[in-house]
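# Fold and contact review
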Amino acid sequence: MISSLVILGATGDLTGRYLMPALARLAQTDGLPRSFRLRGLSPKPWENQQFRDHIAGQLRRHSNAPESVQTRLLAAMDYRRADVTDGHALQSAMKDLSGPVAAYLALPSRLFAPAIEALSEALPPGSRVAVEKPFGDGLASARHLNRLLHRSFPEEAVFRIDHFLGMQPLQNLLGLRFANRLLEPLWNHAHIERVDIVWDETLALEGRAAYYDHAGALRDMIQNHLLQVLSLVGMEPPLSLNEHDVRDRKVDLLRAVETLAPEDVETRTVRARYGSGRLGSRIIPAYVQEPGVDPWRGTETFAQVTLTLNNWRWAGVPFTLRTGKALACDRQEVLVHFRPVPHLAFGKDVEVKPNRLRIPLSAPDRLTLQLNVNGEDGGAEVQPIALDTELPAQSIPAYGRVLRDLLAGDCSLSIRDDEAEESWRIVEPILHAWQLGKSRLREYPAGSVGPFVLQSPFRREEEWDRLSVA
């Protein structure tokens, strides 16, 4: 296990809000090497104590680890001022670190390429590099980043980070699918009618215009996070859970996703942005009125895409990936709609809703299977019931798992080079068609259920209410 972690961009929000609390949790659970050292790099002219004071404040705000653990972690870190795009500067800043190093690029994406080139001159043999998302802004840039990385690092030393893969609910997908004889025979087009993958948030822009207005919902959520969920939901059973077998099957699934033609984009995608509205007691300004937003850029805060897979298991089954901000409720789940039974013995006037399986993607982690039983008086009446259970809480945060695997050299939860490129292959034609006006930019009020669209699987607010988790 590597014992030296170097964070490029150590004074930024990602480091303070997510990486440091994750490291504190690992330290609390003895998940870090005994000789662990952390070095923060940034252009800011700080001294060691100023950096430690800054991180201490972030830990007080975002970590619940005991004070003794936080103190021990702070003592293991130091700081160097350095231009992270300058190979000589990085080499000088890391020359006293012995052995291989794990370098984490907690940087704006525009700095990834020069930072990777600089690291190739500075890192000792056996080192590893972790690159945050977004991995490029299109297929060409993703391929360029992969070429840069492969010049200096073997693929097993490259960690393309998607913290969703470190979330317990996504890990539960593997156990649910491949450890239950009950489900796997039904997990195909013969028994499943459609699948919805939803990540809806009440969260609005919250001061992230510098990043979000150049990304939008499709790039920010669907291109990486939700396509990862899709790959786990739809992939074929792997031979084992080692990194090669699982990632091979995920790439197979992504390769099966059919590319949308421009005319398909018009009918199978939705883009929208929120207008002014109310969320509880809060008045939310329209997205275009948020500080730092360029209204002429046409950035979407809501994206919905319906994809089909060109393979045996999922022929004809639509997968709808949906995400939005400033919506009425937080709803993060996979909803599997099973086909209706082929024959009803209860009479044509009896309404029987098809079975559905709700798989949570965030807390509260409650797995729900919706079934049908006879009514209270038996006979020909049918009523739906829900069997649900609360899943075990995640003991280590998602970024904790990512960092632990980085230090240990376990690539299972990172994105492989071809996987990153396949994701852009799916999304890029949609982005191009949107730029050509193939799907008009709609608007929805903040605090609503999203844009009203006839071809959406969420066609009516009444249906949304029935689908929403209480």
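Residues numbered from 1 in each chain as written. Predicted model: local features only at pLDDT ≥ 70, side-chain atom pairs only at ≥ 80, totals over all residues. Heavy atoms only, no water.

What follows deals with the confidence of the model for the chain. Considering every residue of the chain, the mean pLDDT works out to 90; 94% of them sit at 70 or more. A low-confidence stretch, residues 459–470 stays under pLDDT 50, and its non-local contacts, those more than four residues away or across chains, total 29 contacts. (pLDDT = per-residue confidence, 0-100. Contact = heavy atoms within 4.5 Å.)

A separate point is helix α1 (residues 13–28). Three or four residues apart is the spacing at which side chains of an α-helix point the same way, because the helix has 3.6 residues per turn. The end-to-end C-alpha separation of α1 is 22 Å, in line with the 22 Å expected for 16 residues at 1.5 Å each. Of all the bends found along α1, the most pronounced is centred on Leu 19 and spans about 35°, while Pro 21, a proline, follows it within four residues. Restricting attention to buried positions, one finds in α1 the residues Thr 15, Gly 16, Leu 19, Met 20, Pro 21, Ala 22, Leu 23, Ala 24, Leu 26 and Ala 27. Asp 30 sits one or two residues past α1 and shows a positive phi near 60°. (Helix = DSSP H or I, 4+ residues; strand = E, 2+ residues; numbered from the N terminus. Expected span 1.5 Å × (residues − 1). Bend = angle between axes of the 7 residues up to and from the residue. Buried < 20%, exposed > 50% of the residue type's maximum accessible area, 1.4 Å probe, protein only.)

As a packed pair, α1 and helix α2 (residues 48–62) sit with axes 9 Å apart at the nearest point and diverge in direction by 85°. With respect to each other, α1 and α2 are oriented roughly perpendicular. On α2, the residues touching Gly 16, Arg 17, Met 20, Pro 21 and Ala 24 of α1 are Phe 51, Ile 55, Gln 58, Leu 59 and His 62. Classifying every residue of the contact of α1 with α2 by side-chain character gives six nonpolar, three polar and one charged. (Axes fitted to C-alpha atoms, helices over the stretch in contact; angles between N-to-C directions. Parallel < 35°, antiparallel > 145°, perpendicular 65-115°, else oblique. Nonpolar A, V, L, I, M, F, W, Y, C, P; charged D, E, K, R; others polar.)

A few words now on a negative patch on the surface. Residues Asp 83, Asp 86, Glu 117 and Glu 121 make up a contiguous surface patch of negative charge. Position of Glu 117 relative to the elements: it lies in helix α5 (residues 112–122). Note on Glu 117: relative accessible area 41%, which makes it partly exposed. (Patch = residues over 30% accessible without salt bridge, like charges linked within 9 Å, V, L, I, M, F, W, Y side chains within 5 Å. Areas by Shrake-Rupley, 256 points an atom, 1.4 Å probe, with all protein chains shown as cover. Salt bridge = Lys/Arg side-chain N within 4 Å of Asp/Glu carboxyl O. Lys, Arg positive; Asp, Glu negative; His and termini not counted. Charge placed at Lys NZ, Arg CZ, Asp CG, Glu CD.)

Quick look at the sheet that holds strand β7 (residues 192–200) now. To summarise the sheet geometry, strands pair through backbone hydrogen bonds and adopt either a parallel or an antiparallel arrangement. One open sheet holds the nine strands; their spatial order is β16-β15-β14-β13-β7-β12-β11-β8-β18, and the pairing between them is mixed. Of all strands in the sheet, those bounded by a partner on one side alone are β16 (382–390) and β18 (441–445). Between one strand axis and the next, the sheet turns through 20° on average, direction left out of account. Looking at chain direction, strand β13 (residues 331–338) and strand β14 (residues 356–360) are connected through five bridges and run antiparallel. In the strand pairing of β14, Val 336 is matched with Leu 357. Each of β7, β11 (302–307), β12 (319–324) and β13 touches helix α8 (residues 209–234); the most contacted strand, β12, lies at about 140° to it. (Pairing = 2+ DSSP bridges.)

The next thing to look at is the sheet that holds strand β2 (residues 37–42). With mixed pairing, seven strands are arranged side by side in an open sheet as β3-β2-β1-β4-β5-β6-β17. Strands at the two margins of the open sheet, each flanked by one partner only, are β3 (77–81) and β17 (414–415). For β2 and β3, the ladder comprises five bridges, and the chain directions are parallel. Opposite Gly 40, over in β3, you have Tyr 79 as the bridge partner. Lying over the sheet, α1 contacts β1 (4–8), β2, β3 and β4 (102–105), oriented at roughly 165° with respect to β1.

Here we take up a nonpolar patch on the surface. A cluster of nonpolar side chains, Val 341, Leu 344 and Phe 346, forms an exposed patch at the surface whose accessible area comes to about 230 Å². Residue placement: Leu 344 occurs in the loop between β13 and β14. A relative accessible area of 34% means that Leu 344 is categorised as partly exposed.

Right, let's talk about the nonpolar core for a bit. In terms of nonpolar packing, the biggest core is built from 105 residues, with Leu 8 and Leu 105 touching the most fellow members. Examining the composition of this core, we find that 12 residues originate from one element, α8, more than from any other. If sequence neighbours within four positions are ignored, Leu 8 has contacts with Leu 41, Val 84, Leu 90, Ala 103, Tyr 104, Leu 105, Ala 106, Leu 107, Ala 115 and Leu 119. In terms of nonpolar packing, the next biggest core, distinct from the first, is built from 38 residues, Ala 56, Ala 65, Tyr 399 and Val 402 among them. (Core = buried A, V, L, I, M, F, W, Y, C linked by side-chain atoms within 4.5 Å.)

Another point: the pairing of strand β8 (residues 269–275). The buried fraction of β8 amounts to seven of the seven residues, a majority that puts the element mostly inside the structure. Direction of pairing for β8 relative to β11: antiparallel, over a ladder of four bridges. By the bridge assignment, Arg 271 is partnered in β11 with Ala 303. Summarising the sheet, β8 and β18 pair through five bridges and their orientation is parallel. Across the sheet, residue Gly 275 finds its bridge partner in β18, namely Pro 445.

Another aspect to go through is the side chain of Arg 128. Position of Arg 128 relative to the elements: it lies in strand β5 (residues 128–131). For Arg 128, which is buried and forms no salt bridge, the nearest opposite charge comes from Glu 156, at a distance of 9.2 Å. Within polar-contact distance, the side chain of Arg 128 engages the backbone oxygen of Leu 406 at 2.9 Å. Those residues in contact with Arg 128 that lie beyond four places of it in its chain are Ile 2, Val 101, Ala 102, Ala 103, Leu 123, Ala 157, Phe 159, Leu 406, Leu 407, Ala 408 and Gly 409. (Polar contact = N/O pair within 3.5 Å; in protein donor to acceptor, adjacent residues only side chain to side chain.)

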